[in-house]
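Take a look at the letters that make up each chain.
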Amino acid sequence: MPFSFDSYLGVHQPALHLRAKRAQVLASNLANIDTPHYKARDIDFTEALQAASRGQGANTMRATHAMHIKPEQFISGSDLKYRNPYQNSLDGNTVEHQVEMAAFSDNAMRYMASVRFISGKFNTLRTAIKGQ
Amino acid sequence: MSLLSVFDISGTALQAESIRLNTTSSNLANANSISSSHGGTYRARHPVFAPIFKEFGDQQENVGVKVLGIVESQTPLRREHNPNHPMADEEGFIFLPNVNVVEEMANMISASRAYQTNIEVMNSAKQMLMRTLTIGQ
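Caption draft 1: The overall build of chain B, seen in detail. Along chain B, the regular secondary structure elements total two helices and four strands. Tracing chain B from N to C terminus, the helices and strands come up as α-β-β-β-β-α. Whereas a compact globule of 137 residues would reach a radius of gyration of roughly 14 Å, chain B reaches 22 Å, over 25% beyond that. Split into buried and exposed, the 137 residues of chain B put 37% on the buried side. In chain B, once contacts between residues fewer than 6 apart in sequence are set aside, the share between residues at least 24 apart is 61%. A total of about 7,600 Å² of accessible surface is found on chain B, and carbon and sulfur atoms cover 54% of it. Distance between charge centroids for chain B: 7 Å, based on 10 positive and 13 negative side chains.

Caption draft 2: Representation of the interface of chain B and chain A in the model. The partner chain A presents 35 residues to the 36 residues of chain B that form the contact. The contact between chain B and chain A buries some 2,900 Å² in all, and 62% of this surface belongs to carbon and sulfur atoms. Looking at the side of chain B facing chain A, the largest losses of area belong to M128(B), R131(B) and I135(B), adding up to 19% of the total buried there. At the surface where chain B touches chain A, the tally comes to one salt bridge. We note a salt bridge from D34(A) to R20(B), for which the minimum N-O separation is 2.7 Å. Taken together, the links from chain B to chain A amount to four residue pairs in polar contact (both at pLDDT 80 or more). Listing elements by their share of the side of chain B that touches chain A, those giving two or more residues are helix 1 (2–29), strand 1 (45–56), strand 2 (59–72) and helix 2 (101–133) of chain B. With 11 residues, helix 2 of chain B is the largest single contributor of residues to the side of chain B that touches chain A. Counted by class, the side of chain B that touches chain A contains 14 nonpolar, 16 polar and six charged residues.

Caption draft 3: Spatial organisation of the pairing of strand 4 (residues 93–96) of chain B. Residue and element names in this part refer to chain B. Burial along strand 4 is two-sided: the face carrying F93 and F95 and the face carrying I94 and L96 are both buried. Note that strand 3 (residues 78–81) and strand 4 share four bridges and pair antiparallel. Considered in strand 4, the bridge of R78 is made with L96.

Caption draft 4: Expanded view of unusual backbone geometry. All names here are of chain A. Phi is positive for H37, which is not a glycine, with a value near 65°. Within the secondary structure, H37 is located in the loop between helix 2 (12–31) and strand 1 (41–43). You can call H37 exposed: its relative accessible area is 61%.

Caption draft 5: Up close: the packing of aromatic side chains. This structure, assessed with the given rule, holds zero aromatic pairs over all chains. A cation sits over an aromatic face here: R19(A) above F45(A), 3.5 Å from the ring centre. Directly above the aromatic system of F93(B) lies the positively charged group of R79(B), at a separation of 3.9 Å from the ring centroid.

Caption draft 6: Main features of the packing of helix 2 of chain A against helix 3 (residues 45–53) of chain A. Residue and element names in this part refer to chain A. Viewed as axis vectors pointing N to C, helix 2 and helix 3 meet at an angle of 135°, and their least axial separation amounts to 10 Å. Classified by the angle their axes make, helix 2 and helix 3 are oblique. Helix 3 is crossed by helix 2, and the crossing has right-handed handedness. Contacts between helix 2 and helix 3 pair P14, A15, L18 and R19 from the former with F45, A48, L49, A52 and S53 from the latter. Taken together, the residues that form the contact of helix 2 with helix 3 break down as seven nonpolar, one polar and one charged.

Caption draft 7: Up close: the confidence of the model for chain A. Mean pLDDT over chain A stands at 82; residues scoring 70 or higher make up 83%. By mean pLDDT, helix 3 of chain A is the weakest element of chain A at 79, and helix 4 (residues 97–130) of chain A is the strongest at 92.

Caption draft 8: Representation of the pattern of salt bridges in the model. Residues and elements named next belong to chain A. All chains considered together, the criterion is met by nine salt bridges over all chains. D42 is paired through a salt bridge with R83; the nearest N and O atoms lie 3.1 Å apart. Here D42 is found in strand 1, whereas its partner R83 is found in the loop between strand 2 (80–82) and helix 4, with 41 residues between them in sequence. One exposure class covers both D42 and R83, and it is buried. A salt bridge links K81 to D44; the shortest N-O distance between them is 3.9 Å. Residue K81 is located in strand 2, and its partner D44 is located in the loop between strand 1 and helix 3; the two are separated by 37 residues in the primary sequence. On the accessibility criterion, K81 (35% relative accessible area) is partly exposed. Judged by relative accessible area, D44 falls into the partly exposed class, the value being 32%. Within the structure, one salt-bridge network assembled from shared partners comprises R22, D42, R83 and E100.

Caption draft 9: Molecular detail of a nonpolar patch on the surface. Residue and element names in this part refer to chain B. A cluster of nonpolar residues, L21, V101, M105, M108 and I109, forms a patch on the protein surface that exposes about 380 Å² of accessible area. Looking at the nonpolar patch element by element, the count peaks at four residues for helix 2. In this structure V101 comes out as partly exposed when scored by relative accessible area, which is 40%.

Parameters and conventions
- Residues numbered from 1 in each chain as written.
- Chains lettered and ligands numbered in written order.
- Predicted model: local features only at pLDDT ≥ 70, side-chain atom pairs only at ≥ 80, totals over all residues.
- Heavy atoms only, no water.
- Helix = DSSP H or I, 4+ residues; strand = E, 2+ residues; numbered from the N terminus.
- Rg over C-alpha atoms; globule rule 2.2 N^0.38 Å.
- Buried < 20%, exposed > 50% of the residue type's maximum accessible area, 1.4 Å probe, protein only.
- Contact = heavy atoms within 4.5 Å.
- Areas by Shrake-Rupley, 256 points an atom, 1.4 Å probe, with all protein chains shown as cover.
- Lys, Arg positive; Asp, Glu negative; His and termini not counted.
- Charge placed at Lys NZ, Arg CZ, Asp CG, Glu CD.
- Buried area = accessible area lost by both parts, 1.4 Å probe.
- Salt bridge = Lys/Arg side-chain N within 4 Å of Asp/Glu carboxyl O.
- Polar contact = N/O pair within 3.5 Å; in protein donor to acceptor, adjacent residues only side chain to side chain.
- Nonpolar A, V, L, I, M, F, W, Y, C, P; charged D, E, K, R; others polar.
- Pairing = 2+ DSSP bridges.
- Phe/Tyr/Trp six-rings, centres within 6.5 Å; stacked < 30°, edge-to-face > 60°.
- Lys NZ or Arg CZ within 6 Å of the ring centre and 35° of its normal.
- Axes fitted to C-alpha atoms, helices over the stretch in contact; angles between N-to-C directions.
- Parallel < 35°, antiparallel > 145°, perpendicular 65-115°, else oblique.
- Left-handed = near helix turned anticlockwise from the far one by under 90°.
- pLDDT = per-residue confidence, 0-100.
- Patch = residues over 30% accessible without salt bridge, like charges linked within 9 Å, V, L, I, M, F, W, Y side chains within 5 Å.

Below you can see the structure in the form of C-alpha cells.
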C-alpha cells in the first residue's frame, strides 16, 4: 500500500496553510485600524479550504504534465472578500476592533488545533515505526 | 511563510501608532506655546495613515500601514487680546496654538489601544509559530 503524507495528514495540511494566511489578512486589518478609507478583508475559510483540498484554488495553476513543478497552494487576492461592517465609521474605515480580534483569536485557536492533530498523527507514525 | 509576515505587518502598525503617539505628545506639550506672530505659532500636527499594498498577480494584497506624512492642522489659530503679556505684538494680541486638547487626549487613547492590539496580535502569532515548531516532538 503506497503511503502518502498528503493523504495521511488529510485536511489539516491545507487548513494550516489557510489559517496562517488568514492570520496575515486579519493582522493587516488590525494594523489598519486607524487608516481612513481602509476596507477590512477576510477569507471565506470554508470555501477556500474546499478549493484548496480539491487542489483548485481560484488562481491555482493546473499541472498538465507529470514533470510539471507542482505550484505551491496559495490563496490570492481574488479569494479575499470585503467585510460588511456592523457600524459604519465617518472616515470610511470598516475595521471593527472587536470583530477582528474575535476572528483573529478564533483563527489562532483553530490553527493550534490543526497543529495538535498533525502532531498526533506524527506521534502515531512514530509509535508504529518503533513498535512499542 | 505567512505567519512570519504577521510580525512585519504588526511592526508597521506599531511604528505608525508610535509616530501618532509622538505627534500627540508634541501637540499636548505645545498646547500653551504662546507666540507673538501668526507665522511663528505652533500648529497641531497629525500623521496621515495609508495602507501598504503589495502586488500579488493581478490582485493587491495588504501588507501593513505606513505614515504618508505629517500635516499641520488648518484650524484657525486662537488670537487673544492681552496687552500685558510679554509676548504680545504691537496691537496687544497674542497667538495660541490650534491644539484641541480633548481631541488630542482621544487620539492618545486610540493610538495606545491600537498599539496594544497589535502587540497582542504579535504575541498570538508568536504562540502559533512556537507551537508549529513543536510538530512531531
